[in-house]
Amino acid sequence: MRRSLLLLLLFVAWLAGPPASHAQSSEALKALADLAVDDTDRREAAVGVLGATRDTKWLEFLAALRDGNVYARGKGTTLEIVVGGAKTTKGEQDVIEIVTAYDRKLIGTVPVASVTEIAADRRLRIAIKPFLDADETRVQLASPDAEARRGAALKLGHQADAGAAAVVEAAIAKETVPNVRHALEEALALIRLAHGEPAVRVLAAQALGGLHSFDGMPALQRLAAETSASRAEREAATVAIRQIERWSLLVRTLETAFQGASLASILLLMALGLAIVFGLMGVINMAHGELMALGAYSTFVVQNIFRARWPEWFNAYFVVALPVAFIVAALVGVVLERGVIRRLYGRPLETLLLTWGASLIIQQGLRLWFGAANVDVSSPSWLSGGFALMTGLTLPFNRLFIIGLAAMSVAAMYWLLFGTGAGLRIRAVTQNRGMSSCLGVRAGWVDATTFALGAGLAGLAGAALTQIGNVGPSLGQNYIVDSFMVVVTGGVGKLAGTILAAAGIGGLNKGIEPALGAVFAKVAILLLVILFLQRRPAGLFATRGRSAEA
Amino acid sequence: MPRREAAAVAAAALLLVVVLPICNALPASSALHVSDFRLNLFGKFLAYAILALGLDLLWGYAGVLSLGHGVFFGLGAYAMGMHLMLEIGAKSVYQSALPDFMVWNQVKELPLFWRPFYSDVFTLVAIVVVPGLVALAFGFLAFRSRIRGVYFSIITQALALSAWLVFNRNEMRLGGTNGLADFKTIFGFPLNQPSTQRGLYAVTALALLVAYLVCRWITGSRAGKVLVAIRDSETRVLFSGYSPARYKLFVFVVSAVLAGVAGALYAPQVGIITPAKIGVLPSIEMVVWVAAGGRGTLVGAVAGAFGVNWMQSWLTTSYPDVWLLFLGGLFMGVVLFFPDGLVGAVARAFGGMGRLTRGASFTATPTESARSRGPSSTGHPRPEPVARPPLQ
Amino acid sequence: MSTYSRRDFLKTGLVAAGAGVAVAHGFPSIIGAQGKEPVKIGVLHSLSGTMAISEVSLRDVVLMAVDEINAKGGVMGRPISPVVVDPASNWDLFAEKAKQLLLQDKVAVVFGCWTSVSRKSVLPVFENNNGLLFYPVQYEGEECSKNVFYTGACPNQQLVPGAEYLMSKEGGSYKKFYLLGTDYVFPRTANKILRAFLLAKGVPAANIEEEYTPFSHQDYQTIVGKIKRFASGGGACVLSTINGDSNVPFYKEFANQGLRSENAPIMAYSVAEDELRGMDTGALVGHLAAWNYFQSVDTPANKKFVNAFKEYAQKKGLPGGAKRVTDDPMEAAYFGVHIWKQAAEKAKSFDVDAVRKAVYGQTFAAPVGPIKMHEYNQHTYRPVLIGEILKDGQFKIISRTKGNVEPEPWSKYTSPDKGCDWINHQGTYQKKA
């Protein structure tokens, strides 16, 4: 108890006082020697002394101690404290490279057996932590990485420690990135709220309200309920709380809307290929999910190639992976179509079973080739993180990308079907195969191209999915039923049907989810689809007569 | 039923219902002994065969492909399972009248919908009625709105997925992902006794016999002919004055009831029922039993159920990596090369039967001309299978 | 009118013949020669299907242990012959395969299962036929079968220490706990125990949130939003029993919505090195896990174990080769095999009851350090380690209990009145107050 008090005092003194000189003082050296003794109390005190120097070199040493890299080495009659580096094997022995504790000057490589590890047990680690934390936060505030600065600001705000106010103010003056600046201002307000005088606290409360600070809610709520505070303070807190709550409602609505759009875009991307194949050819492709898996695995392979051959271009791998995924899936689709599906036109139930069989084979093939475990597809840096639209609302980049990709795919489909000769031929064959044949359209080729197109889109969807989910052999299974729901609801008459169905299902699902939870929201959607089909048995836009208009 | 067929059925019945259990009762040293393990396995296969019969009736004869029959199977199995759980009573680990999973979920009182399952009679009735009612409701909505073909299959998938999601939730008080397990007695007979297992097996075999006779009767009757007509051309049947929806609904309910009975016989023999049997994948596997055996022939359904499951047992023991490849290949092979299934292929090998339309041995392959017509944009089978020269 | 054609006769004949052929398989197998006759053991792990991802490694490590033992002369001079079957992640196949192993192959012991469903479905088979199962995976407790040895962690050997660490000063003194899990028995029971523990330690109920998602759930946007709001103001952490597949989308969404491991750490109870192998660890770095073993444990026994496994993987051409990793269930499976061997040698017999009694109190120099089988409750004494996830999918060990922790199959927070004892009682019993 006494020791902890002493440590606390040392720590506070350290926070308040100026930095010590950057030399190895004798106290520090004595403390260093103390680390090797058997007495935990003395070791704890030693840590306190070393930390109080606020010398970065001693703080680095403490970090090494915490990580278990500090050893004691016999040198004549005394023990020398050293920091150990990498352990290697030289011949028969295990050796370790050691450096001095303060300067990190290389001493040499010695056998592991000749040094004894100084274990940092829990008490020691607890003693080390505050020094390193404060130092780390300070260092982080000056870090070049914006996210690290923001994290440090948040931590300072949570700690609401009076001593940090000056540092935060200084950082605000220098800060250029808006969301980091926001976090810093929030931290400052929280510190002032915790430690200032009544007038300062009123201002701080108003500031928090203006900043729409969610992190400040608990502190504001405490202030509003504090009986010892003045009326002005409590009122300011209440006003701020209401401001933040209104903002929160706005944020939540926008968040749900975005999530709905994100889900809708994913469904659309998955269902587009399926809708084209089903709508234009009447083939129900149960292997659609596996074509998506193939696209995902192609992305994985491209990622590995980039990692091995061109690591400096790693961020570009995804851009290359998209067309690769499209092509690979399209090729497999062509093989599937020309090889087996061609024999089953006009028999949709049979194609359903056939393609299911193909899907099992592809799945097991992937499992045997790549292993049963999921594989790791890393996000390129431009797809990690999010766009902080407003306080409390971050739109992840990967989802924004998928929304963009879905929109582009739809636009590309429309252009292809209505703006090119190939599209014209596709539509012709769908409307009247015999007549098109008579007019010189090679129906067989058109079938293959259409199926390849649908399969390629599936591959594209698979590549996109690697950024938000797992990549494993059973990736297809997770999404196949959702894709079918969209196609069946949208009907095969128009592409617009698929778009509307995806939007409807995605939006509705996310809208219901906060109330019912994920599972029951999904069940509700499935039941709604079943009921919807009562009114429109062939989907939103069914084909009329025998012709298909897209 | 013609005499030769009756004789064959009787012979098979004798073998399955009487001979095999007796072989099981023989001492282990005897050459004719059938081990408990084997008999139990057969019992499971026979339960599957009942399910396959129902599915065959629905798909092979009426042309309605349901990819969600796991739901009805599961409903029957859960009904029986609930009763068995309540039978355990104080013999469980927690020594409570409540099923185990309720105790660790901190449920204090038995939920209302569980209470009637204390009664044997209610359970037996529920096994038949619950799947039937669900099928009635679903089928009524679906067939009345003329949802057909692929659309119907896909919404049965939606049904299967919803049921799977719901049964997996703990709040439903049905055991969640663990399902219902650890049964101790059935109607008072202890489940770990070989004699009980033998009895269960015999009951299953009998049930299969009854199911076969019922299906045979349906397909041999006029209703059976209407069903086949619906399969081949629904619009024409409509214009001929029949109501296809009613016939389809009838056979849908019958197949659901058969599935429920199959599930109820499956649960005590396997000892566990989980939502894993209700979902999308197991339902599609059930379809491949019928396809591989030979749809449109009742015996084919039974043979398929037996054959495919036996292959699964064997392959997962000897060549585990191969099982899924085999299953996938089976799907594809059956659809492409053996549309009449194993039974059809064997029969064809035994001296080309020219005419495929004879009594109970209908096969469900559409006529040749439809194949050359190219893809259908609506996804429905062409309404007019009239022979025309191929266009390509 | 329909005639009964030759075809129909053939069809019914086929069925009968098929039945007959199948019956023939039931004939007793030829008895092998006496003498150095191998002793059969069963390996019951899913090699295909959804659980294959996790269970394939267990099969591999059990076979490696068998090879090791056989190289040293086997058990009592007899080589071990493993019978490997694949229940294909199918719960009813588990029961069937268990019956096959015990009744057809007549194995002396089975090493198997992963999910609680699979264990619960084989339990009656083992109990009715007096078989022996070694079960190596962490589980929810509340079970104590005479026929199972549980070499994985009980809740008090993993769940509670993890939460305790986060509550402690060293762990960060967290005050708010979001209990998030996949919807099945392990997370449900785990959270029941965690909640009881937290309440007993004075955490107000308003600071505890509980939520479940189904298996393979991918879309965590809503839930992460909720966690964000819950965590506002600091001092919040997530205790995650999310299983398998769903982990990647959860961690990714967490990171993408701006939550950091320093501000709101996730303590995972079902994420180990084998799962991290297939994940983009960028989003997971800095988050925590609690286990009884990590591959990065620095003991000579563990170095030997890890190298041996990597060599084994390369030699057998297993997918992944030298990049394969070891984790807690694998270590438990490994020492389970050795414990069984030791017990059989002590009992000088393979009879289940004799071996069982010989297992009680057995010790073994496991890779993590010395472990001991409990003297009467079928579980295992193991140490508890807290690890921090590193970029390469390994863990940095940041905390470790000094010795082993005694297993409590009935948690003192939720079932203080129950205990498990097979020496003085018949398994689970009511403690006198």
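Residues numbered from 1 in each chain as written. Chains lettered and ligands numbered in written order. Predicted model: local features only at pLDDT ≥ 70, side-chain atom pairs only at ≥ 80, totals over all residues.

So, on to the overall build of chain A. The helix and strand inventory of chain A stands at 21 helices and 7 strands. In terms of its C-alpha atoms, chain A occupies a principal-axis envelope of roughly 100 × 75 × 35 Å. The contacts in chain A between residues at least 6 apart in sequence include a share of 68% that link residues at least 24 apart. (Helix = DSSP H or I, 4+ residues; strand = E, 2+ residues; numbered from the N terminus. Contact = placed C-beta atoms within 7 Å.)

As a further point, take the nonpolar core. One finds B:A49, B:I50, B:A52, B:L53, B:A262 and B:F331 to be the most contacted residues of the largest nonpolar core, which totals 350 residues. At 18 residues, the largest contribution of residues to this core is made by helix α11 (residues 231-281) of chain A. Setting aside its immediate chain neighbours within four residues, B:L53 contacts B:A211, B:Y212, B:C215, B:L258, B:L298, B:A301 and B:V302. (Core = buried A, V, L, I, M, F, W, Y, C linked by C-beta atoms within 7 Å. Buried ≥ 20, exposed ≤ 12 C-beta atoms within 10 Å, placed from the backbone.)

Take the pairing of strand β8 (residues 236-241) of chain C next. All names here are of chain C. Counting buried residues in β8 gives 6 out of 6 residues, a clear majority hidden from the surface. Taking every second residue as pointing to the same face, both faces of β8 are buried, with A236, V238 and S240 on one and C237, L239 and T241 on the other. Across 6 bridges, the pairing between strand β6 (residues 176-182) and β8 is parallel. By the bridge assignment, F177 is partnered in β8 with C237. Relative to strand β9 (residues 266-268), β8 is paired through 3 bridges, and the arrangement is parallel. By the bridge assignment for β9, S240 is matched with A268. Each parallel crossover has a hand, and for β8 linked through helix α8 (residues 247-256) to β9 it is right-handed. (Pairing = 2+ DSSP bridges. Right-handed = clockwise from strand over helix to strand, strands pointing away.)

What follows covers the confidence of the model for chain B. Close reading of the predicted structure is inappropriate where its pLDDT is low. All names here are of chain B. The predicted model of chain B has a mean per-residue pLDDT of 82, with 88% of residues at 70 or higher. Put simply, helix α15 (residues 368-371) is where chain B has its lowest mean pLDDT, 37, and helix α10 (residues 244-270) is where it has its highest, 94. Predicted confidence for residues 353-392 stays below pLDDT 50, and this span has 85 contacts to residues more than four positions away or in other chains. Predicted as a complex, the structure gets a pTM of 0.79 and an ipTM equal to 0.79. (pLDDT = per-residue confidence, 0-100.)

With that settled, the discussion passes to the sheet that holds strand β12 (residues 369-373) of chain C. The strand order across the open sheet built from 3 strands is β11-β12-β13 (chain C), with neighbouring strands paired in antiparallel fashion. Each having just a single partner strand, β11 (363-366) and β13 (380-381) of chain C make up the two edges of the open sheet.

As a further point, take helix α16 (residues 421-431) of chain A. Residues and elements named next belong to chain A. Among the residues making up α16, those that are buried are R425, I426, V429 and T430. Down the axis of α16, the buried set is contained in an arc of 135°. They therefore lie on one face. Summarising the contacts, the buried residues of α16 are in contact with α11, α15 (397-419), α17 (433-438) and α18 (443-465). (Arc of directions from axis to C-beta.)

Residue and element names in this part refer to chain C. Strand order in the open sheet made by the 5 strands is β2-β1-β3-β4-β5, with parallel pairing throughout. With partners counted over all chains shown, the strands left at the sheet margins are β2 (80-85) and β5 (148-150), one partner each. Within the sheet, the average angular offset between the axes of one strand and its neighbour, ignoring direction, is 25°. The pairing of strand β4 (residues 133-135) with β5 spans 3 bridges and is classified as parallel. (Axes fitted to C-alpha atoms, helices over the stretch in contact; angles between N-to-C directions.)

With 48 residues of chain A at the interface, the matching set in chain B holds 47 residues. Among the elements of the structure, α11, α14 (348-370), α17, α18, α19 (475-490) and α21 (518-535) of chain A are those that each provide at least two residues to the side of chain A that touches chain B. The residue makeup of the side of chain A that touches chain B, split by class, is 32 nonpolar, 9 polar and 7 charged. (Nonpolar A, V, L, I, M, F, W, Y, C, P; charged D, E, K, R; others polar.)

Now for the confidence of the model for chain A. Residues and elements named next belong to chain A. Taken residue by residue, chain A gives an average pLDDT of 83. The fraction at 70 or more is 93%. Here helix α1 (residues 2-16) stands out as the least confident element of chain A, with mean pLDDT 60; helix α13 (residues 317-339) is the most confident, with 94. Note on residues 18-22: pLDDT is under 50 here. Beyond four places in sequence and across chains, it has 5 contacts. This stretch, residues 546-550, has a pLDDT under 50; its non-local contacts, to residues over four places away or in other chains, come to 16 contacts.

Residue and element names in this part refer to chain A. The interhelical angle for the contact between α11 and α18, taken along N-to-C directions, is 165°, at an axis separation of 7 Å. Considered as vectors, α11 and α18 are oriented roughly antiparallel to each other. For the pair α11 and α18, the crossing hand works out as left-handed. Residues L269, M270, L272, G273, L274, I276, V277, L280 and M281 of α11 touch α18, and the partners they reach there are D447, T450, F451, L453, G454, A455, L457, A458, L460, A461 and A464. Looking at the contact of α11 with α18, its residues break down into 16 nonpolar, 3 polar and 1 charged. (Parallel < 35°, antiparallel > 145°, perpendicular 65-115°, else oblique. Left-handed = near helix turned anticlockwise from the far one by under 90°.)

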